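What the coordinates show
Each chain is listed here by its residues.
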Number of protein chains: 2
Amino acid sequence: MHFTSEQRLDDGVLEREFTLGEVPGILWTPEAASAPVSPILLGPPPVGLRKAYPRLVGRARHAAADGFATATIELPGNGDRPRLPGTEQAVADLRRAMAAGEPVSDEIIDALVLPLVDKAVPEWRTALDALLSLPEIGGPVGYSGGVISIGTRLAVVEPRISAAVLFAGSFIPRVIFEEARQVTVPLHVLLQWDDEGNDRQAALDLFHAFGSREKTLHANMGGHTGVPQHAGEAAGRFLARHLR
Amino acid sequence: MHFTSEQRLDDGVLEREFTLGEVPGILWTPEAASAPVSPILLGPPPVGLRKAYPRLVGRARHAAADGFATATIELPGNGDRPRLPGTEQAVADLRRAMAAGEPVSDEIIDALVLPLVDKAVPEWRTALDALLSLPEIGGPVGYSGGVISIGTRLAVVEPRISAAVLFAGSFIPRVIFEEARQVTVPLHVLLQWDDEGNDRQAALDLFHAFGSREKTLHANMGGHTGVPQHAGEAAGRFLARHLR
């Protein structure tokens, strides 16, 4: 983990950009902390960190106020990272299907999402290794993220994650429904009921599939980026309850 | 409103039993309040106030700590009140259908629920008149209740209600889905995902039908009475946000 820049935000949060091999990322830590603080991995939406930054830094500030560090890394194929092989074809197929008003086939969803999941999950685990090697970070780990298939697999394969906030609203490959049954950590799932680009029934089916004994679904009105403030605060309380 | 008994609970809550005509009820008020406090109408589950008391007083204590009064009244046909005509036949039909593993018909649901709604809703409005005539009570009114069809109609016909917490988990007559479209106040709907006696899809359909621009669904694991503590707290925060 190589820090490339550092700035103090006005509310006592230290923001550091870093690279981890070829992967850029951002770490936010509360400056006032005297003991190591638990990290929350902020999985970004697949729009590139630059575009997602305002939303991410908002969540980072809230988490810092609760006494947590947060970190995010650029997803494969996003931002300045090289495109993933095959996904440009999948995106073209997706657009064609949607323009024609056809249902999006499982083949298109697999081709679109699985290469991203396959590459992103090991990168998040490497990032977690690096974060936990920092003296200022330690304790139970949370995940809060934007591509629900990545969060689902990470919750299965990464035993250091203690609780996860997941955002419904992206296409879900069939295999991820199977993996969801193996998730056992407490889950807090956010669903935007009117999300135009979202298959609401698929989100409800995935929520049902999760194997976790403690799981909660918070559905709210509005589109993809319209998560109400109280819903964000509830997600923060969920993480605070499980990471403290 | 005729008070019949009065006791002080250990956390500064005054509990008064009352009758309103033939209808018994309970009023809880925070003793420390110096100005009139907003009332929350606590719709009981249809099991009689005596059996529901432990759950109701728990919610009353939390509401009092937030600075609210709460009141509940015995539902028609519950507790010591006379049975509603026709509902014993409907209960028998319901049991027979369920024992036979048959779907519960709309006719049974209508016969079971609509007489209760028709009689209960005007009683709640009369209770609200009486409550708001007390000098210690005033301000925006909340509803938080156990029979979702009663809460739905009350939210439509009673303009003094500013926000409602509704509990999914009882049979819903077809006409209530129509009335739901006319609800406009902020709603917070609790759904126990594994509730054996509950039609989950009907609950999701009703949530979808509500006309409110602000509505949130909180689904949690567990059976009918297993609402987790954090879910109760979230419902309390919803009411506090809208009644203050």
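Refer to the structure presented above.
Here goes a summary of the coordinates provided. Everything numeric in this text was worked out from a predicted model, so none of it was measured.

What counts, and where the lines are drawn
- Residues numbered from 1 in each chain as written.
- Chains lettered and ligands numbered in written order.
- Predicted model: local features only at pLDDT ≥ 70, side-chain atom pairs only at ≥ 80, totals over all residues.
- Heavy atoms only, no water.
- Salt bridge = Lys/Arg side-chain N within 4 Å of Asp/Glu carboxyl O.
- Helix = DSSP H or I, 4+ residues; strand = E, 2+ residues; numbered from the N terminus.
- Buried < 20%, exposed > 50% of the residue type's maximum accessible area, 1.4 Å probe, protein only.
- Polar contact = N/O pair within 3.5 Å; in protein donor to acceptor, adjacent residues only side chain to side chain.
- Contact = heavy atoms within 4.5 Å.
- Buried area = accessible area lost by both parts, 1.4 Å probe.
- Least-squares fit on C-alpha atoms with pLDDT ≥ 70 in both.

**What to know about the pattern of salt bridges**
All names here are of chain A. Under the counting rule described, the total for this entry stands at 40 salt bridges over all chains. Arg-96 serves as the salt-bridge partner of Asp-93, at 3.3 Å between the closest nitrogen and oxygen. Taken together, the residues span about one helical turn, with Asp-93 and Arg-96 both in helix 2 (residues 87-99) at a distance of three residues. Since its relative accessible area comes to 57%, Arg-96 is described here as exposed. Here the residues in one salt-bridge network are Glu-22, Arg-81, Lys-119 and Glu-123, joined through shared partners.

**Here we look at the side chain of Ser-38 of chain B**
All names here are of chain B. Relative to the assigned elements, Ser-38 resides in the loop between strand 3 (23-30) and strand 4 (39-43). Note on Ser-38: relative accessible area 6%, which makes it buried. For Ser-38, the side chain forms a polar contact with the main-chain oxygen of Pro-140, separated by 2.6 Å. When near neighbours in sequence (up to four residues on either side) are disregarded, Ser-38 contacts Phe-68, Ala-69, Gly-138, Gly-139, Pro-140 and Leu-243.

**Here's the deal with the interface of chain A and chain B**
On the chain B side, the residues contacting the 18 residues of chain A number 18 residues. Between chain A and chain B, roughly 1600 Å² of surface is buried when both sides are summed, and carbon and sulfur atoms account for 57% of that area. Area buried by chain A at its contact with chain B is led by Trp-193, Met-221 and His-230 of chain A, which between them contribute 29% of it. Counting the contacts that link chain A with chain B gives zero salt bridges. Where chain A meets chain B, there are 11 residue pairs in polar contact (both at pLDDT 80 or more). Within the residue set of the side of chain A that touches chain B, elements represented by two or more residues are helix 6 (200-209), strand 9 (215-220) and helix 7 (229-243) of chain A. For the side of chain A that touches chain B, the element with the highest residue contribution is strand 9 of chain A, accounting for six residues.

**So, the relation of the copies chain A and chain B**
Its rotation angle being 180°, the transformation that places chain A on chain B also includes 0.0 Å of axial translation and leaves an RMSD of 0.0 Å. Here the transformation between the copies is reduced to the relation of a two-fold axis. Taking C-alpha positions as the reference, the residue of chain A nearest the rotation axis is His-218 of chain A, at 2.4 Å. Same-surface contact between copies: 100% of interface residues of chain A are shared with the interface of chain B.

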